[in-house]
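Chains, contacts and geometry: an overview
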Amino acid sequence: MPASHPVVVPPQVFFRRFSLIAGAAALVLLALLVLLTIWANAQKKQEVLAQAQAQHTLLAQAYVASLQAWLARSTQVADEFAASAAAREFASGFATSGAVLDNFQRIFNQLGEMQRLVNGVAAFNGVAVAVTDPVGLPVLSSVAGQTPTPAQQAAAQEAVAQNRTAIAQARQTPAGVFLDVYKPILGVSEPTQPVGALWVQLPLDAGFAALEAQARDRAGDSAIVLWQKQEGVVFQLTGNPPGLTALAQPLDQPQDQFLTVTHAVPGSPWWVTVQTPLAVALAPWQQYQMTTTLLLVLALGLVAVVIALTYWWLMGLQYRWRLQQQVGEAKLADQAVNALARTIEARDPYLAGHSVRVAEVATQLAARLGADPIDQFALRVAAKLMGIGKLSVPMEVLNKATPLTAAERRQLQAHILHAEKVLLEVDFPAPVHTIISHSAERTDGSGYPRQLAGEAIHPLARVLMVADVFCALTEPRVYREKMSDTDALKVIFAERHRYDEAVLNALAEMLAGPTA
């Protein structure tokens, strides 16, 4: 059974998969951050609304309690009178129409004393007081000639029927705003059964105004309103100045732009409403929302930075992998190029080792000029292959000791075009083709085969042309002896207009060696 081999994932596949996974993770993280922020804002909004509603409820309950305490203080003497034996015995005489006839003499005998007591209660409290029968009609009053309205009678009947204090709707008079408060009066024979009511006409005085001011102070930015609904119209009760004010905007209907809490005042037709604009009530939430949005933006920015750094790291890994791959390919290619270069140089013993020397000089010059390893590799390959086109040039032209004719010169200069054709199908990882095509050009346009000049010549080709000329001058030829490095440098500098100035300076520095 053949041995199994581990599956090796190519680096480019790894980078692609890792990028996809990292990108998907980043998108999921961003989505989670956004959803978390939305959820947190929604929760905070509900929390703020609940807190505001609870605060409104406490304000309304406190106002109701204060109002009930004020009513109790204002009617304390009336309560004591309603619970007195004299009031109970007198009211019992009006429990039924038959009782009035049966107790006429006794009622008549008590009438003077009861009138004095009623007047005393009224004077002490500064209010109007009356004793009513079970249907709400006054039988004794501190103010003569009072006739109750149907609403007042209904409140008196409620107090008798339910055995609790009842309050009718507030009424506006020329003398001010009055509250009709009815206190049940219990009978004598049946102590738990009311037989009438004590009618107290309570004005909205300074005590009520102070109560209202305290409630408003506690409410702060919220509006707190005591109101009643009369014939379909909502009226606000105010103590300073006392009055009933019709409200254009009813408080008993939902309002989208306000947070509203309403509580009933027990035993009365009144309601207490605490109201705050939503914008004010939600101000803490809006501040929270701004903070969370800012934090979200910062988090998104941080994620973006992490993504960018990860991408930069991946690109660095990929670049290093590609560089290593190219270096590996370069080693193989260099071996093949060297073999080919030796084949080229075998035609002419004077050219032996020329391409290797040109490659070394060109690489050193490129390194001095700041070229990266890939450019240096491309320059080395181009230097070793630039003479491949000379395989098509006749030997008698290559080795001719006398000056070439015009036709022979054209044959020799055609070696660049032949090199382009030979190398056309070779896929080099760097601009080797261009470097070889431009290697015989000159910066002043006097080169061949296309008479390119200046920046039109590839920068690496400008390095190669100087290295090629320098190595050729310092090597022997059939028609001359070799020159020294110094003499060769002088010859090249004598024609410096034909070469790149930066490359010439780099050559001079290289030949000068390290300075002390």
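Residues numbered from 1 in each chain as written. Predicted model: local features only at pLDDT ≥ 70, side-chain atom pairs only at ≥ 80, totals over all residues. Heavy atoms only, no water.

**Describing helix α7 (residues 206-219)**
Taking 1.5 Å per residue, 14 residues should reach 20 Å; α7 reaches 20 Å between its end C-alpha atoms and fits that length. Restricting attention to buried positions, one finds in α7 the residues Phe 208, Ala 209, Leu 211, Glu 212, Ala 215 and Ala 219. Around the axis of α7, the buried residues are gathered within 160° of arc, so they sit on the same side. Exposed residues pointing more than 90 degrees away from the buried face of α7 are listed as Ala 206 and Asp 217. The N-cap residue of α7 is Asp 205: its side-chain oxygen and the backbone nitrogen of Gly 207 are 3.1 Å apart. At the C-terminal side of α7, Gly 220 shows a positive phi close to 65°. (Helix = DSSP H or I, 4+ residues; strand = E, 2+ residues; numbered from the N terminus. Expected span 1.5 Å × (residues − 1). Buried < 20%, exposed > 50% of the residue type's maximum accessible area, 1.4 Å probe, protein only. Arc of directions from axis to C-beta. Polar contact = N/O pair within 3.5 Å; in protein donor to acceptor, adjacent residues only side chain to side chain.)

**Brief notes about the sheet that holds strand β8 (residues 233-239)**
With antiparallel pairing, the five strands of this open sheet are ordered in space as β9-β8-β7-β11-β10. Two strands bound the open sheet, and with one partner strand each, they are β9 (242-246) and β10 (258-264). Averaged over all neighbouring strand pairs, the angle between strand axes comes to 35°, with direction disregarded. As judged from the seven bridges shared by β10 and strand β11 (residues 270-277), these two strands associate in the antiparallel manner. Residue pairing in the sheet places Ala 264 in a bridge with Trp 271 of β11. On top of the sheet, α7 reaches β7 (223-230) and β8; it is set at about 105° to β8, its chief contact. (Pairing = 2+ DSSP bridges. Axes fitted to C-alpha atoms, helices over the stretch in contact; angles between N-to-C directions. Contact = heavy atoms within 4.5 Å.)

**Quick notes on helix α14 (residues 415-423)**
An α-helix turns once per 3.6 residues; consequently, residues spaced three or four apart project the same way. Buried within α14 we find His 415, Ile 416, Ala 419, Glu 420 and Leu 423. Considered in projection along α14, the buried side chains sweep an arc of 145° and stay on one side of the axis. In the core, the buried residues of α14 are packed alongside α11 (373-385), α13 (406-413) and α15 (432-438).

**Observations concerning the pattern of salt bridges**
Going through the model one piece at a time under the given rule, you end up with 13 salt bridges. Between Lys 183 and Asp 79 there is a salt bridge, with its nearest N and O atoms 2.9 Å apart. Here the residue Lys 183 occupies a position in strand β5 (residues 176-186), and Asp 79 occupies one in helix α2 (residues 76-82), the gap between them amounting to 104 residues. Looking at Lys 183, the relative accessible area reads 8%, which means it is buried. For Asp 79, a relative accessible area of 29% translates into the label partly exposed. Between Glu 158 and Arg 164 there is a salt bridge, with the nearest N and O atoms lying 2.7 Å from each other. A relative accessible area of 28% means that Glu 158 is categorised as partly exposed. Taken together, the shared-partner salt bridges connect Glu 455, Arg 462 and Asp 500 into one network. (Salt bridge = Lys/Arg side-chain N within 4 Å of Asp/Glu carboxyl O.)

**Topic: unusual backbone geometry**
For the bond running from Tyr 448 to Pro 449, omega is 5°, close enough to zero to count as cis. On the secondary structure map, Pro 449 appears in the loop between α15 and α16 (459-473). The phi torsion at Asn 163 lies on the positive side, around 55°, for a residue other than glycine. Along the chain, the position of Asn 163 falls in the loop between α6 (150-162) and β3 (166-167). For Asn 163, a relative accessible area of 36% puts it in the partly exposed group.

**Considering a nonpolar patch on the surface**
On the surface, a cluster of nonpolar side chains totalling about 270 Å² of accessible area is made up of Val 34, Leu 35 and Ile 38. Residue placement: Ile 38 occurs in helix α1 (residues 11-74). Among the residues examined, Ile 38 registers a relative accessible area of 53% and is labelled exposed. (Patch = residues over 30% accessible without salt bridge, like charges linked within 9 Å, V, L, I, M, F, W, Y side chains within 5 Å. Areas by Shrake-Rupley, 256 points an atom, 1.4 Å probe, with all protein chains shown as cover.)

**Describing the pairing of strand β1 (residues 128-132)**
Among the five residues that make up β1, five are buried, leaving the element largely enclosed by the rest of the structure. Neither face of β1 is open: one carries Ala 128, Ala 130 and Thr 132, the other Val 129 and Val 131, and all of them are buried. Across five bridges, the pairing between β1 and strand β6 (residues 194-203) is antiparallel. By the bridge assignment for β6, Thr 132 is matched with Ala 197.

**Looking at the packing of aromatic side chains**
All chains considered together, the criterion is met by three aromatic pairs. Note on Trp 70 and Phe 208: the rings are 5.4 Å apart at their centroids and 55° apart in plane angle, and the pair reads as tilted. With Trp 70 in helix α1 and Phe 208 in helix α7, this residue pair connects regions lying 138 residues apart in the sequence. With respect to burial, Trp 70 and Phe 208 carry one shared label: buried. Their ring planes at 15° and their centres at 5.7 Å tell us that Tyr 182 and Trp 199 sit as a pair that is stacked. Residue Tyr 182 is located in strand β5, and its partner Trp 199 is located in strand β6; the two are separated by 17 residues in the primary sequence. An identical accessibility class is assigned to Tyr 182 and Trp 199; each is buried. Positioned above the aromatic ring of Tyr 288, the side-chain terminus of Lys 44 is 5.3 Å from the ring centre. (Phe/Tyr/Trp six-rings, centres within 6.5 Å; stacked < 30°, edge-to-face > 60°. Lys NZ or Arg CZ within 6 Å of the ring centre and 35° of its normal.)

**Concerning the confidence of the model for the chain**
Scored by pLDDT, the chain has a mean of 85; 89% of the residues are at 70 or more. Under a pLDDT of 50 for its full length, residues 1-9 has, in the predicted model, two contacts with residues more than four places off or in other chains. (pLDDT = per-residue confidence, 0-100.)

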